[in-house]
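Geometric and topological summary
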Amino acid sequence: MRLTQPLPSFLASSLAHEQPQCLLRGTSPVASGMNFFLELWKTKGRIMSMIAAYYKNKSILITGATGFMGKVLMEKLLRTSPDLKVIYILMRPKAGQTLPQRMLQILSSKLFEKVKEVCPNMHEKIRPIYADLGQSDLAISKEDMQELLSCTNIIFHCAATVRFDEPLRHAVQLNVTATQQLLLMASQMPKLEVFVHISTAFSNCNLKHIDEVIYPCQVEPKKIIDSMQWLDDAIVDEITPKLIGDRPNTYTYTKALGEVVVQQESENLNIAIIRPSIVGATWQEPFPVSPAPGPQAGLHVDLLLAQTSSCPSSFSSHEMLDKGVLLAGVSLGWVDNLNGPSGLIIAAGKGLLRSVKAAPMAVADLIPVDTVVNLTLAVGWYTAVHRPQSTLIYHCTSGNLNPCNWGKMGLQIMASFEKIPYEKPFRRPNADFTTNTFTNQYWKAVSHWAPAIMYDLYLQLTGRKPRFTKLMNRLSKTLSMLEYFVNHSWEWSTSNTDMLMLELSPEDQRVFNFDIRQLNWLDYIENYVLGIKKYLLKEDMSGIPKARQQLKKLRNIHYFFNTALFLITWRLLIARSQMARNVWLFIVSFCYKFLSYFRASSTLKA
Ligand SMILES: CCCCCCCCCCCCCCCCCCCCCCCCCCCCCC(=O)SCCNC(=O)CCNC(=O)[C@H](O)C(C)(C)COP(=O)(O)OP(=O)(O)OC[C@H]1O[C@@H](n2cnc3c(N)ncnc32)[C@H](O)[C@@H]1OP(=O)(O)O
Ligand SMILES: NC(=O)C1=CN([C@@H]2O[C@H](COP(=O)(O)OP(=O)(O)OC[C@H]3O[C@@H](n4cnc5c(N)ncnc54)[C@H](OP(=O)(O)O)[C@@H]3O)[C@@H](O)[C@H]2O)C=CC1
């Protein structure tokens, strides 16, 4: 076979990666390369993914695998490359659970259901290793360290503290020092092919336009790490605002420091950095994909709800899933924590959150977690196979390719509550964005605090435990932490991410899809709201008709309350003021005249 055209780069790279074996067999590199290619791509009559093939027989180390992104990463790896050798998970015991117990709980969750089909022995592929990234030496035992150093081929470093209010010392330890320690370990791994570091698109949120480069920090990370050894807590707290400068929190600051640390080690290692923006629920995987793009948007949720209402009310959503009801083209957004918008969506859906200070035209740079994971795996493959000369940074954002602003997103979230109401709402969902600080304070006092205080009073009077003011305190704190991100817009360049997309084979573009242009925001938001209901609130779909009834009741109470308030105020005004009486007479006579005119003109026409 003769090749007249150069091989596409994705093919050339994979052949380059696999060629030594072919050369050993003494055949022509191109011919055996083609054979290898055909064999590889046509296993079981199916074209194979080069990225999935790359992870075959690999020993992969993941940090943060118990977190939101880490779980989705682990799931996708096991599902698409079930023949990988082992996944080492650096983790700590938590909430009274040992490492194996924690891992068992994760692997037996709904997220991993599909994996069980393709990789029934997935438990054997996972090797939990005790580590505490909060300790300076990561607390890994000697034996474990030995194994990790001698076997690891690939590292995905996802662990971090993502809290915005983390004291600087702890944030530095987790997001900077632990990264430095891992890089040190990586430099002693003879078989290491690639180190993928997960950062955030907001590490440089003090800038408006952000390129795929590492920006220097004012103070060297090494100096910050050193100073944390000897400064006491009071001084660290005092210097924190000065150090973080125009960044809003210790999280974004320490993630920026972490990147600089990575860059400083990049000469010796094959490293890539991924910067996702606001990571949201899954979009396409692992649950069934919505087939309803464009004008059919929302059809799948309607379908689900139609089927839900026709199902016996005793069916749980789980049963319906099993019976295939939800499988009829419905994709549920999987999410398992309250970070990012998820917590606020719940608060809005339950009627607690009524006012957010936000710029409605600012870009809501949300990115589905499965998109981030697909890019991460593609980057791992590309960096290992191509070994770029410098550390490449990949922005995983939606704003420049498929922008959606907070106004549109907010409206869609609110519209979704009509179809997918949450159970036991505190009030009818009716949130709004305000742009003015004063108006926002007013609405918070009237719509957040006043009802919470009144309701707690009612609970106390009826002998129950008050809880709404406490909840409001928490909501206020969350809002104060998150509002920065809904009042600013950023532009992220995505040249490296765009370049990588072109490097993928058509099959890889499908299996590891990170093309955010294909996302339909209306569908995605509906699925997100639905996913929150199912996976976070653990509410049954069969309860939707009842929740709708509750909302109707709350709406009637709301109308009744407002009308009563208006009439009482008006009555009091009329009783006390001649001017109010005159206005009232004027309105009544105006309405009467208007009605008489309308009746006369319609009689003439007839
Ligand atoms: C053109 C005209 C248009 C007009 C338009 C009109 C439209 C009107 C429509 C309006 C609709 C409004 C709809 C509402 C939807 C809102 C959408 C806005 C979303 C804004 C989201 C912005 C997100 C920004 C993300 C930042 C980007 C950075 C990304 C990253 O790189 S990192 C990942 C993000 N990290 C985080 O999100 C962490 C944030 N969390 C924290 O820092 C902390 O948790 C905390 C908020 C400081 C709270 O700390 P605490 O110590 O007080 O609490 P703790 O964490 O210990 O938890 C205690 C209990 O509280 C629960 N909880 C935790 N977090 C939340 C939360 N976010 N919301 C609610 N509850 C939360 C937690 O579970 C604990 O509960 P318990 O266990 O039961 O006690
Ligand atoms: N979520 C988002 O919106 C975004 C996230 N990112 C980045 O993505 C990565 C993953 O984030 P996400 O999954 O959302 O975060 P999570 O908070 O869900 O997960 C954090 C992970 O880090 C682990 N971890 C934290 N502290 C320690 C410790 N002391 N020792 C060992 N492990 C520890 C956690 O383990 P444990 O379960 O034991 O607590 C958990 O597995 C982070 O690097 C984050 O900066 C970037 C942009 C946006």
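Residues numbered from 1 in each chain as written. Chains lettered and ligands numbered in written order. Predicted model: local features only at pLDDT ≥ 70, side-chain atom pairs only at ≥ 80, totals over all residues. Heavy atoms only, no water.

Things to note about the nonpolar core
Here is a general trend for soluble globular proteins: nonpolar side chains tend to be buried in one another's company. M74, L78, F156 and L500 are the most contacted members of the largest nonpolar core, which has 115 residues in total. Element by element, the count of residues in this core is highest for helix α16 (residues 369-386), at 11 residues. When near neighbours in sequence (up to four residues on either side) are disregarded, L500 contacts L375, A378, V379, W381, Y382, Y394 and F514. Residues Y88, I155, F195 and I271 belong to the second largest nonpolar core, which totals 44 residues. (Core = buried A, V, L, I, M, F, W, Y, C linked by side-chain atoms within 4.5 Å. Buried < 20%, exposed > 50% of the residue type's maximum accessible area, 1.4 Å probe, protein only. Helix = DSSP H or I, 4+ residues; strand = E, 2+ residues; numbered from the N terminus. Contact = heavy atoms within 4.5 Å.)

Re the environment of A65
For A65, the location among the structural elements is in the loop between β1 (59-63) and α4 (68-80). Under the relative-accessibility criterion, A65 is labelled buried at 0%. Along the chain, A65 and H157 lie 92 residues apart, while their C-alpha atoms are 9.1 Å from each other. Beyond its immediate sequence surroundings of up to four residues, A65 is in contact with G70, K71, M74 and I89.

A look at the site of ligand 2
Close contacts around ligand 2 come from 26 residues, with T66, R92, K94, R102 and Y251 the closest. Residue A160 places a main-chain N or O atom 3.4 Å away from an oxygen atom belonging to ligand 2. Relative to its unbound accessible area of 890 Å², ligand 2 is 91% covered by the protein chains. Of all the secondary structure elements, the ones that give two or more residues to the shell around ligand 2 are α4 and α12 (250-265). Considering only residue class, the shell around ligand 2 consists of 13 nonpolar, 8 polar and 5 charged. (Near = heavy atom within 4 Å. Polar contact = N/O pair within 3.5 Å; in protein donor to acceptor, adjacent residues only side chain to side chain. Areas by Shrake-Rupley, 256 points an atom, 1.4 Å probe, with all protein chains shown as cover. Nonpolar A, V, L, I, M, F, W, Y, C, P; charged D, E, K, R; others polar.)

Points about the environment of K114
Inspection of the secondary structure puts K114 in helix α6 (residues 113-118). K114 sits 172 residues away from P286 along the chain, and the two C-alpha atoms are 7.1 Å apart. Within the structure, K114 has its side chain in polar contact with the backbone oxygen of P286 (distance 3.1 Å).

Brief notes about the pattern of salt bridges
One side chain can pair with another of opposite charge once the charged atoms of both are near each other. Scanning the entire structure with this criterion turns up 19 salt bridges. One salt bridge connects E285 with K76, and the closest N-O pair in it is separated by 2.8 Å. Taken together, the positions of E285 in the loop between β8 (278-280) and α13 (299-310) and K76 in helix α4 put the pair 209 residues apart, joining distant regions of the chain. Residue classification places E285 among the buried positions, given a relative accessible area of 15%. K76 sits in the buried class, given a relative accessible area of 2%. Between K533 and E539 there is a salt bridge, with its nearest N and O atoms 2.7 Å apart. (Salt bridge = Lys/Arg side-chain N within 4 Å of Asp/Glu carboxyl O.)

Quick word on the domain arrangement of the protein
Assigned domains of the protein: these are domain 1 (52-269), domain 2 (300-362 + 403-490 + 518-543) and domain 3 (558-605). Once you take the C-alpha centre of each, domain 1 and domain 2 turn out to be 30 Å apart. Between domain 1 and domain 2, the contact holds 18 residues from the first and 15 residues from the second. When domain 1 packs against domain 2, the two sides together hide about 1,400 Å² of surface, and 69% of this comes from carbon and sulfur. (Domains from an automatic or database assignment. Buried area = accessible area lost by both parts, 1.4 Å probe.)

A closer look at the packing of helix α18 (residues 437-461) against helix α19 (residues 468-486)
Following both chains from N to C, one finds α18 and α19 inclined at 155°, their axes separated by 8 Å at the closest point. Comparing the axis directions of α18 and α19 gives the class roughly antiparallel. Here α18 contributes N440, K444, H448, W449, A452, I453, Y455, D456 and L459 to the contact with α19, which in turn contributes F468, T469, M472, N473, S476, L479 and E483. Class assignment of the residues belonging to the contact of α18 with α19 gives a composition of 8 nonpolar, 5 polar and 3 charged. (Axes fitted to C-alpha atoms, helices over the stretch in contact; angles between N-to-C directions. Parallel < 35°, antiparallel > 145°, perpendicular 65-115°, else oblique.)

Details of the site of ligand 1
Around ligand 1 there are 32 residues in total, and R163, F164, T200, Y251 and G340 lie nearest to it. Residue V162 places a main-chain N or O atom 3.2 Å away from a nitrogen atom belonging to ligand 1. Within the backbone of G340, one N or O atom sits 2.8 Å away from an oxygen atom of ligand 1. The protein chains hide 76% of the 1,600 Å² of surface that ligand 1 would expose on its own. Counting residues per element, the ones that place at least two in the shell around ligand 1 are α15 (341-349), α17 (406-419), β12 (432-434) and α19. Looking at the shell around ligand 1, its residues break down into 20 nonpolar, 7 polar and 5 charged. Counting residues domain by domain, the shell around ligand 1 receives three or more from each of domain 1 (52-269) and domain 2 (300-362 + 403-490 + 518-543).

Considering the environment of E526
Positionally, E526 belongs in helix α22 (residues 521-536). Through-space distance from the C-alpha of E526 to that of A281 is 11 Å; in sequence the pair is 245 residues apart. A distance of 2.8 Å separates a polar atom in the side chain of E526 from a polar atom in the side chain of K419.

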